[in-house]
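Descriptive structure summary
The chain contents come next:
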Amino acid sequence: MAQPPPSTPQTHERIPFWRDGRVIGVLAQVIFVSLVLLAAAWLLGNVSRNIGALGSFRCPDGTDSFRCGFLFLRIDAQFDIAESVISYTPSDPYARALLVGALNTVKVAFFGIIFATILGTLTGIARLSRNWLVSNLAKWYVDFFRNTPLLLQLIFIYFGVILLLPNIRQALQPFGLPIYLSQRGINLPGPVFMPSFRVWLFFLLGGLVAAGVVSLLLARREQQVERSLNRTAWALLAFGVVAGSGWFVANAAISSQAMLLSEALPAAEFEQIAGIVAERLGVADLAEVETAVTNGVLTPEQVNEASLTICAVRDAPSETNLTAQLRANNVPYSLNRSNRLDQAARAFAAGDCDVLVAAEADLLAVQATLDGTYRLLPIAEAPIRLSIPRLEGLNFQGGVKLTPSFAALLIGLTLYTGAFIAEIVRAGIQSVPKGQSEAARALGLSESQRLRLVVLPQALRVIIPPLTSQYLNLTKNSSLAIAVGFADLWAISYTTLNQSGRSVQVFMIVMAAYLSFSLSISFLLNLYNRRIALVER
């Protein structure tokens with residue numbers, strides 16, 4: 001019988017730790033982290049010693065504290081800011097001045113992101129157009145703005161374009177629209193929210209809920225019948241029905257606006273005002289006034305003399321509400337604005353105006369204090385009125401005004417970032433396999449349907465990540481606003497630094513603010529990116 005071969009003894013030789021790759025890897029990480037911590041500790045210690053030597057964090061009792069280093073934020077800023085989202089005066093503290101700068105940065109970044117996205121998307125699609133002119137115009141735009149410094153563009157737009165526009169009396173009006181371009185900036189129509197908007201807002205929120213419910217129910221039904229039921233259209237219809245109903249309910253439920261009529265205006269209803277002004281002018285229809293002035297039948301002086309004169313508080317919603325209805329009825333009017341209601345009431349009582357317009361509750365109080373007979377006439381109210389800019393004296397009144405510095409910064413950031421977004425959109429569209437487009441055409445979809453329903457939804461998963469970087473770049477590039485005189489966060493921080501001498505604290509605030517902006521944008525877009533990824537799976 002054959003003997004089995006002797007078994008080979010197995011030896012387990014232990015590898016020295018200096019030759020074990022896993023141990024070396026862990027040791028390398030520990031050493032690296034230790035070096036980073038030592039470097040950070042040295043830097044912070046150096047900063048702490050220097051700050052202590054300078055006394056930047058010195059408290060009133062002579063001790064040093066991090067909290068005491070920011071007590072300067074309570075001191076009056078003593079400098080003016082040209083434009084502000086919130087109210088601000090030079091007597092406000094540094095903290096409020098920095099808040100104004102942060103809000104201005106958020107404002108320009110918010111609108112810049114919206115406009116750059118629209119411009120970049122359209123340009124990216126145009127780059128792929130089969131039309132030679134459209135495609136090359138988009139290419140030239142991208143090449144020009146992407147390859148020239150943003151600072152140079154901002155300075156050129158500000159000094160070479162906006163400041164060379166005509167003066168305010170000769171402002172450009174493109175295509176006859178109520179948009180005015182002058183050396184003082186850009187004046188645009190803007191919405192004014194009336195008190196009834198709060199009621200309508202509840203209906204808007206209800207419309208969103210209704211749209212969501214309809215979309216969810218139809219999604220379940222689509223899974224059952226295995227075919228599309230056009231969820232988007234039905235959801236929009238649900239939102240429109242609720243929001244439209246809310247508009248009429250808000251109009252009927254809230255009527256807080258009114259006007260006081262002088263004895264020279266014997267109108268019992270608002271609709272009679274047009275007839276009274278027409279009678280003053282001697283015309284049958286106020287729509288004919290402009291033609292009569294053009295033909296020389298009436299002079300501008302006669303129209304001004306017969307127009308309805310209104311006493312109002314400056315920038316009050318009641319003024320916009322009344323003038324919007326007068327424009328709809330072609331009633332010529334002139335405004336006598338005051339800073340306060342009591343000033344407007346005195347001008348009205350002195351006979352400077354035909355009517356005094358304000359909130360009904362305020363007018364009831366004014367009526368009780370006036371001598372004479374004045375009638376209170378309610379005015380219809382809508383949740384939102386459109387304020388149209390109008391040249392009065394040496395400036396435009398009403399609407400939305402973009403100052404030259406803000407307009408230059410917004411236009412520059414939009415054009416510059418839009419060029420990069422255009423390339424991202426183009427790359428995203430080209431990443432979609434051609435078979436998808438061919439399948440869409442085989443199903444009979446039009447080119448717009450192919451792009452909107454097939455290509456762009458798939459391209460978004462490629463577009464969103466680099467788009468996030470462009471949004472962050474736009475926000476950080478807004479710090480170049482100081483070159484065109486716009487009071488953004490960095491510009492106001494620089495002034496604060498020079499006046500207070502607290503350089504370390506100011507830089508810490510600025511860095512924390514920009515870090516907060518960037519993290520917020522990244523968080524929101526990462527949420528959207530994850531949603532797109534889920535849809536893709």
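Each remark here, short or long, concerns the structure printed above.
Every value quoted in this text rests on a predicted model; they were computed, and no experiment measured them.

**Thoughts on the overall build of the protein chain**
For the protein chain, the count of helices and strands is 17 helices and 12 strands. What you see for the protein chain is a C-alpha radius of gyration of 33 Å, clearly larger than the 24 Å of a compact globule of 537 residues, by over 25%. Considering only C-alpha atoms, the protein chain reaches an extent of 135 × 80 × 45 Å along its principal axes. Counting the 537 residues in the protein chain, one finds 38% classified as buried. Within the protein chain, counting contacts between residues at least 6 apart in sequence, those at least 24 apart form 67% of the total. The averaged location of the 35 negative side-chain charges in the protein chain is 16 Å from the averaged location of its 41 positive side-chain charges.

**Describing helix 10 (residues 317-328)**
Compared with an ideal rise of 1.5 Å per residue, which puts 12 residues at 16 Å, helix 10 spans 17 Å between its outermost C-alpha atoms and is within 8% of the ideal. Of all 12 residues making up helix 10, nine are buried, and the element is well covered by its neighbours. When helix 10 is considered as a whole, its buried residues turn out to be S318, E319, T320, N321, L322, T323, A324, Q325 and L326. For helix 10, the secondary structure elements touched by its buried residues are strand 3 (190-193), strand 4 (257-261), strand 5 (308-313), strand 6 (333-338), strand 7 (355-359) and strand 9 (384-387). Phi turns positive, to about 60°, at N330, one or two residues after helix 10.

**So, the sheet that holds strand 4**
In spatial order, the strands read 6-5-7-4-8; together these five strands make up an open sheet with mixed pairing. The open sheet has two edge strands with one neighbour each: strand 6 and strand 8 (375-378). Each adjacent strand pair in this sheet contributes to an overall mean axis angle of 30°, direction not counted. Summarising the sheet, strand 4 and strand 8 pair through four bridges and their orientation is antiparallel. By the bridge assignment, M259 is partnered in strand 8 with L377.

**A word on the nonpolar core**
One finds L409 and Y471 to be the most contacted residues of the largest nonpolar core, which totals 38 residues. Mapped by element, the contributors of at least two residues to this core are helix 2 (94-127), helix 4 (150-161), helix 13 (404-430), helix 15 (447-477) and helix 17 (503-536). In this structure, L409 is in contact with V108, L154, S478, A481, V484 and F486, ignoring residues within four places of it in sequence. Membership of the second largest hydrophobic core comes to 30 residues, among which are L265, I276, V289 and V303.

**So, a nonpolar patch on the surface**
Taken together, the side chains of F17, W18, V23, L27, I31, L35 and L38 define a hydrophobic patch exposed on the protein surface, amounting to about 750 Å² of accessible area. Looking at where V23 falls in the secondary structure, it is placed in helix 1 (residues 21-54). Taking relative accessible area as the criterion, V23 reaches 31% and is therefore assigned partly exposed.

**A short note on the pattern of salt bridges**
Taken as a whole and assessed by the stated rule, the structure comprises 12 salt bridges. With its nearest N and O atoms 3.4 Å apart, the salt bridge here joins R280 to D354. Of this pair, R280 sits in helix 7 (residues 272-281) while D354 sits in the loop between helix 11 (341-349) and strand 7; the two residues are 74 residues apart in sequence, bridging distant segments of the chain. Among the salt bridges present, the one from R346 reaches D342, with a minimum N-O distance of 3.8 Å. Remark: D342 and R346 occur in helix 11; sequence separation between them is four residues, near one turn of the helix.

**Observations concerning unusual backbone geometry**
Unlike most non-glycine residues, Q78 shows phi in positive territory, near 65°. Along the polypeptide, Q78 turns up in the loop between helix 1 and helix 2. Here N330, not a glycine, exhibits a phi torsion of approximately 60°, which is positive. If you trace the backbone, N330 turns up in the loop between helix 10 and strand 6. On the accessibility criterion, N330 (41% relative accessible area) is partly exposed.

**Focus on the environment of R49**
Position of R49 among the secondary structure elements: in helix 1. In sequence terms R49 and A439 are 390 residues apart; their C-alpha atoms lie 69 Å from each other.

**What about the sheet that holds strand 1 (residues 180-182)?**
With antiparallel pairing, the three strands of this open sheet are ordered in space as 1-2-12. Single-partner strands in this sheet number two, and they are strand 1 and strand 12 (400-402). Within the sheet, the average angular offset between the axes of one strand and its neighbour, ignoring direction, is 15°. Bridge analysis of strand 1 against strand 2 (residues 185-188) gives three bridges, and the strand direction is antiparallel. Within strand 2, the residue paired with S182 across the bridge is G185.

**Considering the pairing of strand 5**
Counting buried residues in strand 5 gives six out of six residues, a clear majority hidden from the surface. Pairing geometry for strand 5 and strand 6, over six bridges, is parallel. When the sheet's bridge partners are listed, A312 is paired in strand 6 with R337. Chirality of the crossover, the property in question, places the unit of strand 5, helix 10 and strand 6 among those that are right-handed. Of the strand pairs in this sheet, strand 5 and strand 7 are connected by two bridges, and their pairing is parallel. For C311, the partnering residue across the bridge sits in strand 7 and is L356.

**Brief notes about the packing of aromatic side chains**
All chains considered together, the criterion is met by 17 aromatic pairs. Ring plane angle 25° and centroid distance 6.3 Å describe the contact between F111 and F115, whose orientation is recorded as stacked. One end of the pair, F111, and the other, F115, are both in helix 2, four residues apart, so they sit about a helical turn from each other. Taken together through their ring pairs, the aromatic side chains of F193, F197, W200 and W247 make up a single cluster. A cation over a ring is seen here: K107 above F406, with NZ or CZ 4.5 Å from the ring centre. Across the ring face of Y333, the terminal group of R390 is positioned such that the distance to the ring centre comes to 4.2 Å.

**Considering the side chain of D92**
Relative to the assigned elements, D92 resides in the loop between helix 1 and helix 2. There is a polar contact of 2.8 Å between the side chain of D92 and the backbone nitrogen of T89.

What counts, and at which threshold
Residues numbered from 1 in each chain as written. Predicted model: local features only at pLDDT ≥ 70, side-chain atom pairs only at ≥ 80, totals over all residues. Heavy atoms only, no water. Helix = DSSP H or I, 4+ residues; strand = E, 2+ residues; numbered from the N terminus. Rg over C-alpha atoms; globule rule 2.2 N^0.38 Å. Buried < 20%, exposed > 50% of the residue type's maximum accessible area, 1.4 Å probe, protein only. Contact = heavy atoms within 4.5 Å. Lys, Arg positive; Asp, Glu negative; His and termini not counted. Charge placed at Lys NZ, Arg CZ, Asp CG, Glu CD. Expected span 1.5 Å × (residues − 1). Pairing = 2+ DSSP bridges. Axes fitted to C-alpha atoms, helices over the stretch in contact; angles between N-to-C directions. Core = buried A, V, L, I, M, F, W, Y, C linked by side-chain atoms within 4.5 Å. Patch = residues over 30% accessible without salt bridge, like charges linked within 9 Å, V, L, I, M, F, W, Y side chains within 5 Å. Areas by Shrake-Rupley, 256 points an atom, 1.4 Å probe, with all protein chains shown as cover. Salt bridge = Lys/Arg side-chain N within 4 Å of Asp/Glu carboxyl O. Right-handed = clockwise from strand over helix to strand, strands pointing away. Phe/Tyr/Trp six-rings, centres within 6.5 Å; stacked < 30°, edge-to-face > 60°. Lys NZ or Arg CZ within 6 Å of the ring centre and 35° of its normal. Polar contact = N/O pair within 3.5 Å; in protein donor to acceptor, adjacent residues only side chain to side chain.

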